[in-house]
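Residue-level listing of the chains:
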Amino acid sequence: MELEPLAAEGADGAAASGAVLPQNDALAEEADSGDPAAAAMASPAGQEGRLQNLGKAIAPAEVRAYLERGRYGRVPAYLQEVLEVLEDEQEYIEALPALETEEPDPSDRRPVRLLTDREKTALLRGLAAKREQLTRCFEAEMEEHAEEAWRKRIQARYAAEVQQIDKDIDQMSQKYIFVASEG
């Protein structure tokens, strides 16, 4: 963008220079196309006209009338729904501490009991046997097929199952395990 000095006429008709306006290359190209409106906009006088409109002061009476219409400072209708949702969320957030301090109703709790060592040992043996069985099946299927794609599918299928059994064994290794009571 080039800067071009502006020669504007003052109130007495004398040329006052020194003001610099940016010269828009796109407007200059349009002016060369032969369009009279584009030529007027590309000229320094056309740019000066746009600048004068931007700097035009609004009459105080117009400002007062705008303020008195009642729409000044109000939330637009399309944002009203958003504000209502935000207010509901704020009320919920403010109510959370009160909900946390309330005592739960004892009748709502399900009865539980502690898993005995005998039950825990039986479950761990069953999980270990299931893991061994999966490992044997995995090895047998790997020996049957030599294709790499087949091996990857088998490995992915068995890996997920073995990982779940290992996770269950880790959970059964905890000191206290509570289970739902029948009565």
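You'll find the structure just up there.
Residues numbered from 1 in each chain as written. Predicted model: local features only at pLDDT ≥ 70, side-chain atom pairs only at ≥ 80, totals over all residues. Heavy atoms only, no water.

*Asks:* Could you clarify how one ought to interpret the environment of L114 in this entry?
*Replies:* Along the polypeptide, L114 turns up in strand β3 (residues 112–114). As for L114 and S181, which are separated by 67 residues in sequence, their C-alpha atoms are 8.9 Å apart. Once residues lying within four places of it in the same chain are set aside, the contact partners of L114 are Y176, I177 and F178. (Helix = DSSP H or I, 4+ residues; strand = E, 2+ residues; numbered from the N terminus. Contact = heavy atoms within 4.5 Å.)

*Asks:* Where do I start with the pattern of salt bridges in this structure?
*Replies:* Close approach of charged atoms lets side chains of opposite charge pair. Across all of its chains, the model carries four salt bridges by this definition. One salt bridge in this structure joins E119 and R113, with 3.1 Å as the shortest N-O distance. Given the relative accessible area of 30%, E119 is considered partly exposed. Across the salt bridge formed by R131 and D166, the nearest N and O atoms sit 2.5 Å from each other. With R131 in helix α6 (residues 117–144) and D166 in helix α7 (residues 148–172), this residue pair connects regions lying 35 residues apart in the sequence. Look at R131 and you get partly exposed, because its relative accessible area is 29%. Judged by its relative accessible area of 27%, D166 falls in the partly exposed class. (Salt bridge = Lys/Arg side-chain N within 4 Å of Asp/Glu carboxyl O. Buried < 20%, exposed > 50% of the residue type's maximum accessible area, 1.4 Å probe, protein only.)

*Asks:* So what exactly am I meant to see when it comes to the side chain of K120 here?
*Replies:* In this fold, K120 is placed in helix α6. Buried and without a salt bridge, K120 has D117 as its closest oppositely charged side chain, separated by 4.3 Å. (Lys, Arg positive; Asp, Glu negative; His and termini not counted.)

None of the figures reported here should be taken as evidence of function without further support.
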